[in-house]
Amino acid sequence: MFLLFFPACLALLWQVIGGDELSTQLLALGILLLCVDQARMAVVDLEQVAQARQQIQDARLKRFYQATVSTIALELLGFYAATLWLGWGSLVILLSQVWFNLWAGIQLHSAEKIAIQAWGIPQRLPVLGADAIGLVLVSLWMLKIAPLGIATGLLALVSLYGAMKYALPTKPLSEVSR
């Protein structure tokens, strides 16, 4: 799975290093960090589904698997598009997150035995709200409305997301939403 994301990560790193504007470099850095995280989450989610299918017979797993695979495909499309058109690729990436959070319907909890918890739209509202903010900010960046401030804000949001997910986990990493 990492091999699918790796070329996009390299191309985004190239934009961070050789970008022509600071706002482009900052946005590319945020998308690069997100690319690494989503590559890892793709592996975690697919492993969890495989483990859950061995332990549980639940029709909701099929929908979750379909949501996961289609989200990974959309993310890859977005990350590769971002290597050519940073703004449009970023929009596709954020829309893939909205797609997953609207369609997944459950959350898997890892332990010795997998547990499935209903996790619908009301429970995902904070994540959907953050995605909506990201969509608005990327759109403003594309319109060149305060691009440096917008790119800095987006990088800060991605960094905060990463800090909350990895540095300050309140539950196991595998239970944190995409």
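For the structure, see preceding data.
About the cut-offs
- Residues numbered from 1 in each chain as written.
- Predicted model: local features only at pLDDT ≥ 70, side-chain atom pairs only at ≥ 80, totals over all residues.
- Heavy atoms only, no water.
- Axes fitted to C-alpha atoms, helices over the stretch in contact; angles between N-to-C directions.
- Helix = DSSP H or I, 4+ residues; strand = E, 2+ residues; numbered from the N terminus.
- Parallel < 35°, antiparallel > 145°, perpendicular 65-115°, else oblique.
- Left-handed = near helix turned anticlockwise from the far one by under 90°.
- Contact = heavy atoms within 4.5 Å.
- Nonpolar A, V, L, I, M, F, W, Y, C, P; charged D, E, K, R; others polar.

**A closer look at the packing of helix α2 (residues 22-55) against helix α3 (residues 60-84)**
As a packed pair, α2 and α3 sit with axes 10 Å apart at the nearest point and diverge in direction by 160°. Taken together, the axes of α2 and α3 lie roughly antiparallel to each other. Note that α2 runs across α3; the crossing there is left-handed. The residues of α3 that touch α2, namely those facing Ile31, Leu34, Cys35, Gln38, Ala42, Asp45, Leu46, Val49, Ala52 and Arg53, are Leu61, Lys62, Phe64, Tyr65, Thr68, Val69, Ile72, Glu75, Phe79 and Ala82. Its residues assigned to classes, the contact of α2 with α3 shows 14 nonpolar, 2 polar and 4 charged.

**Here we look at the environment of Ala39**
With respect to the element layout, Ala39 can be found in helix α2. C-alpha of Ala39 to C-alpha of Pro147: the two residues are 108 residues apart in sequence and 27 Å apart in space. Once residues within four sequence positions are removed from consideration, Ala39 is found in contact with Met1, Phe2 and Phe5.

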